[in-house]
Protein chains: 2
Amino acid sequence: MFEARLTAGSMLKKITDAMKDLVTEANFDCSSTGISLQAMDSSHVSLVALLLRADGFDHFRCDRNLQLGINLGSMAKVLKCCNNDDIVTLKADDNADAMTFMFENQTQDRISDFELKLMDIDSEHLGIPDTDYKAMISMPAGEFQRICRDLQILGDTVTIAVGKDGVKFSVSGEMGSGNMTIRQNTSVDTKEEEQVTIEMEEPVTLNFALRYLNFFTKATPLSGTVCLQLSKDVPLVVEYAMPDLGHVRYYLAPKIEDEA
Amino acid sequence: MFEARLTAGSMLKKITDAMKDLVTEANFDCSSTGISLQAMDSSHVSLVALLLRADGFDHFRCDRNLQLGINLGSMAKVLKCCNNDDIVTLKADDNADAMTFMFENQTQDRISDFELKLMDIDSEHLGIPDTDYKAMISMPAGEFQRICRDLQILGDTVTIAVGKDGVKFSVSGEMGSGNMTIRQNTSVDTKEEEQVTIEMEEPVTLNFALRYLNFFTKATPLSGTVCLQLSKDVPLVVEYAMPDLGHVRYYLAPKIEDEA
DNA sequence: TGAAAATCGT
DNA sequence: ACGATTTTCA
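Treat the numbers as computed from the prediction; the structure is a model and nothing was measured.

A. A look at the interface of chain B and chain A. Taken together, the 16 residues of chain B in the interface contact 18 residues of chain A. Here chain B meets chain A over a buried area of about 1,400 Å², counting both sides, of which 49% is carbon and sulfur. Between the two partners, chain B and chain A, sit 0 salt bridges. Secondary-structure elements contributing two or more residues to the side of chain B that touches chain A are helix H2 (72-80) and strand S9 (110-117) of chain B. Here the element with the most residues in the side of chain B that touches chain A is S9(B); it accounts for 8 residues. The residue inventory of the side of chain B that touches chain A, partitioned by class, reads 5 nonpolar, 4 polar and 7 charged. Both strand S13 (residues 176-182) of chain A and S9(B) contribute to a ladder of 7 bridges, which runs antiparallel. From the neighbouring strand, A:Met180 faces S9(B), where its bridge partner is B:Ser112.

What follows is the structure, encoded as structure tokens:
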């Protein structure tokens, strides 16, 4: 059987909200080492990968590997019934046809449990090649969200250019054009949550569809910091790390067109 | 060339928001003394006049007079990308086909710039006659906004009656009728932002379309105080002063009908 | 007074 | 699903 207990129940809500707009249903792959999920969005353009490590849970048991196919929209709805400070326990019997969500409040004088029917979902477990990215940017997740939202005003495609003087996000459209540049700022008086770090082996300039980036930034509540990794001609990686628990990663291939 | 730097970038947002619902596009007339704008609303009923004095900016340079035609909706969208504590710089080359908006945060590790295409707009620079108004009312801007919003529930036309015992805003419609009266209150214990001042040469009673007054009150965030000036048979003036910077003024002709 | 949350409307 | 608005809380 599978049983996983997470004191920070609100994390599970945020994780589900971070994926449900991109992917309607997906397999939660449970093993003794934890839970992982990989799925392409419905238009097969981007990919989301979730990892929750067993030791990140307050209790974790998984006797044999299980593939739990879940409708993420339904899961998000069920998790709406979970208070933010509730303790969540996920359960599934081997060969079960449902996953159980149990919510307990801190004092454990209120317990709810919900069952979601499992579904058979074609798993398209794509091997994601380990890439040596030429540029890695770490920045406040909220700032990245704001950039992607704001630039969408002017156009559909953003050009991300990493150079030695910073990262430039550019867009152009009928109304006009826009550029937002951020620089590394790791001076002593920079608050940790405002830090920008840029590691660059060589300059990289790529185009991406803002529509998908704006799906990715639904994960902003998961983490104060987002990490972008880029290399020429390979998908961008957008990672939201959850300290001591795992991460949500998104992959998006660059647009080929040089001009928008 | 033209270049104007304003530390209080949020003011520019508020100014644009104060006009964009009334006027879709307008010419910013830039000269060495500052920026001015005059435009009638799309139905040619009311008029808005903006004045920003050169010395209200932190830096102002305008080598030759420029008329920059801008779509105010686009401008408002671009200014959404400006954080409230950002520093804004406006720029245009002589004969430019675009105006540049540059936003810097306080620490200047984040810089954005946006270009908006300029447009040719018929300028209908109306001479506004200097009128000796018979009544002038200064009151909290928020209170005026509330009056105009609330009275609209009951009808379309407000009667503003300035008499020696105060100002009465009246409306009547199918549902019923309403009156709101404010009196001068300049006693010692009145906070400045709640002060009401009424200067009256002779009593004035005029009718106005609430629809337009409610457009005007979009300027409420610009100033704590609004100033109304009225005389028989001439347009009402609604002025929001921005200390040390300039003002936004609205003009609205009275309705002729005596009864709504 | 401002910011956050919830709700509404497109 | 998103933005805008409104309402509420701090």
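B. Here's a closer look at the protein's contact with DNA strand D. Neighbouring residues of DNA strand D: A:Asp21, A:Arg149, A:Lys218 and B:Lys80. Close to the protein, within 4 Å, the atoms of DNA strand D are drawn from sugar and phosphate at a rate of 100%. One of the side-chain nitrogen or oxygen atoms of A:Asp21 is found 2.6 Å away from a phosphate oxygen of DNA strand D. The residue makeup of the surface near DNA strand D, split by class, is no nonpolar, no polar and 4 charged.

C. The arrangement of the pairing of strand S3 (residues 34-40) of chain B in detail. Residues and elements named next belong to chain B. Across the 7 residues that make up S3, a large majority, 5, are buried. The turn linking strand S2 (residues 25-31) back onto S3 is made up of 2 residues. The pairing of S3 with strand S4 (residues 46-53) spans 7 bridges and is antiparallel. By the bridge assignment for S4, Leu37 is matched with Leu50. Where S3 folds back onto S4 in an antiparallel hairpin, the turn is made up of 5 residues, including His44, whose phi is positive at roughly 55°.

D. Representation of the side chain of A:Asn214. All names here are of chain A. As for its placement among the helices and strands, Asn214 is situated in helix H4 (residues 210-216). Note on Asn214: relative accessible area 14%, which makes it buried. With near-sequence residues (within four places) excluded, Asn214 lies in contact with Gln145, Cys148, Arg149 and Gln152.

E. Quick look at the sheet that holds strand S10 (residues 135-140) of chain A. Residue and element names in this part refer to chain A. Strand order in the open sheet formed by 9 strands is S6-S2-S3-S4-S18-S17-S16-S10-S14, with antiparallel pairing between adjacent strands. Both edges of this open sheet fall to strand S6 (66-71) and strand S14 (197-200), since each of them pairs with a single strand only. Pairwise comparison of adjacent strand axes, ignoring direction, gives a mean angle of 15° for this sheet. In this sheet, strand S18 (residues 246-252) lies alongside strand S4 (residues 46-53) in antiparallel orientation, the contact comprising 7 bridges. Its bridge partner being in S18, Ser46 is matched across the sheet by Leu252. The strands that helix H2 (residues 72-79) touches are strand S2 (25-31) and S6; relative to S6, the one it contacts most, it runs at about 80°.

Cut-offs and rules
- Residues numbered from 1 in each chain as written.
- Chains lettered and ligands numbered in written order.
- Predicted model: local features only at pLDDT ≥ 70, side-chain atom pairs only at ≥ 80, totals over all residues.
- Heavy atoms only, no water.
- Contact = heavy atoms within 4.5 Å.
- Buried area = accessible area lost by both parts, 1.4 Å probe.
- Salt bridge = Lys/Arg side-chain N within 4 Å of Asp/Glu carboxyl O.
- Helix = DSSP H or I, 4+ residues; strand = E, 2+ residues; numbered from the N terminus.
- Nonpolar A, V, L, I, M, F, W, Y, C, P; charged D, E, K, R; others polar.
- Pairing = 2+ DSSP bridges.
- Near = heavy atom within 4 Å.
- Polar contact = N/O pair within 3.5 Å; in protein donor to acceptor, adjacent residues only side chain to side chain.
- Buried < 20%, exposed > 50% of the residue type's maximum accessible area, 1.4 Å probe, protein only.
- Axes fitted to C-alpha atoms, helices over the stretch in contact; angles between N-to-C directions.

Everything listed here is a matter of coordinates, which is why it stays silent on function.
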